[in-house]
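Tertiary structure, described
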Amino acid sequence: SQQGEEDPQALSIQEGENATMNCSYKTSINNLQWYRQNSGRGLVHLILIRSNEREKHSGRLRVTLDTSKKSSSLLITASRAADTASYFCATEMEYGNKLVFGAGTILRVKS
Amino acid sequence: DAGITQSPRHKVTETGTPVTLRCHQTENHRYMYWYRQDPGHGLRLIHYSYGVKDTDKGEVSDGYSVSRSKTEDFLLTLESATSSQTSVYFCAISVKGGSNSPLHFGNGTRLTVT
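Computed from a prediction, not measured in an experiment: that's the story for all the values here.

Details of the interface of chain B and chain A
- With 23 residues of chain B at the interface, the matching set in chain A holds 24 residues.
- For the pair chain B and chain A, the summed buried area comes to about 1,900 Å², and 48% of that belongs to carbon and sulfur atoms.
- Listed by contribution, the elements that provide at least two residues to the side of chain B that touches chain A are strand S4 (31-38), strand S5 (42-51), strand S9 (87-94) and strand S10 (103-105) of chain B.
- Of the residues belonging to the side of chain B that touches chain A, the class tally is 10 nonpolar, 11 polar and 2 charged.

Observations concerning unusual backbone geometry
- Cis geometry is found at the peptide bond from A:Asp7 to A:Pro8, where omega equals 0°.
- Locating A:Pro8 in the fold gives a position in the loop between strand S1 (5-7) and strand S2 (10-14).
- The residue after B:Ser7, namely B:Pro8, is reached through a cis peptide bond having omega -10°.
- Position of B:Pro8 among the secondary structure elements: in the loop between strand S1 (4-7) and strand S2 (10-13).
- Look at A:Lys70: it is not a glycine, yet its phi comes out positive at around 55°.

Remarks on the side chain of A:Glu92
- Topologically, A:Glu92 is positioned in strand S9 (residues 85-92).
- At 3.0 Å, the side chain of A:Glu92 forms a polar contact with the backbone nitrogen of B:Asn100.

A short note on the packing of aromatic side chains
- Enumeration according to the criterion identifies 11 aromatic pairs over all chains in this entry.
- Judged by centre distance (5.8 Å) and plane angle (90°), the rings of A:Tyr35 and B:Phe105 are edge-to-face. With A:Tyr35 in strand S4 (residues 31-37) and B:Phe105 in strand S10, the pair connects residues from two separate chains. Across the pair, B:Phe105 and A:Tyr35 agree in class, each one buried.
- When the ring of B:Trp34 is compared with that of B:Phe74, the centres are 6.5 Å apart and the planes differ by 35°; the resulting orientation is tilted. Within this pair, whereas B:Trp34 is found in strand S4, its partner B:Phe74 is found in strand S8 (residues 73-78), the two being separated by 40 residues in sequence. Each member of the pair, B:Trp34 together with B:Phe74, is buried.
- In this structure an aromatic cluster arises from ring pairing among A:Tyr35, A:Phe101, B:Tyr33, B:Tyr35, B:Tyr48, B:Tyr50, B:Phe90 and B:Phe105.

The rules we used
- Residues numbered from 1 in each chain as written.
- Chains lettered and ligands numbered in written order.
- Predicted model: local features only at pLDDT ≥ 70, side-chain atom pairs only at ≥ 80, totals over all residues.
- Heavy atoms only, no water.
- Contact = heavy atoms within 4.5 Å.
- Buried area = accessible area lost by both parts, 1.4 Å probe.
- Helix = DSSP H or I, 4+ residues; strand = E, 2+ residues; numbered from the N terminus.
- Nonpolar A, V, L, I, M, F, W, Y, C, P; charged D, E, K, R; others polar.
- Polar contact = N/O pair within 3.5 Å; in protein donor to acceptor, adjacent residues only side chain to side chain.
- Phe/Tyr/Trp six-rings, centres within 6.5 Å; stacked < 30°, edge-to-face > 60°.
- Buried < 20%, exposed > 50% of the residue type's maximum accessible area, 1.4 Å probe, protein only.

Given below as structure tokens:
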């Protein structure tokens, strides 16, 4: 069963535009993480937000967490062609860092 | 990539044969994980380990076994491969260990069972 589900499944934007991806989950969490995956490669960790945090920034990335709605969003500002990848949210529900991943959002940034 | 090496990178095998995938890390991290990735499912946890000889099952463990006799190696075995086990397999480590720690992933093993 999937804990996190991303929306949209696919997103195509022009270089320079902002990209927003959303993640919804079902049960209470310790933290929520976002990962990026380039074609043919492993996942790369982007950002971790704990359940008692509401917003975090890292460079051009902004993540929000709304535990009352059980949802998170990932905003990539001023997108670049190199941001083309799949993006996954993952939730940690219990100690031991057993992450549960969503199915991902495929982002395409056109130059 | 936190010193994670998966081998082999690609494998084609026949139904009913045993297959072992290897994950090797160079940094002596305690927590290691095996995930499989399939279209529409994201990544699903197969087994994980929190130390030598300490392993436990994940969400989709049926048909898989693991062993960890050394800190640096985490082996995933398909006892008798089936076509449903055709997938991309990823090993991951938790750098900080325990909770609230990002995972670092290897580059995956693409397994095809014919």
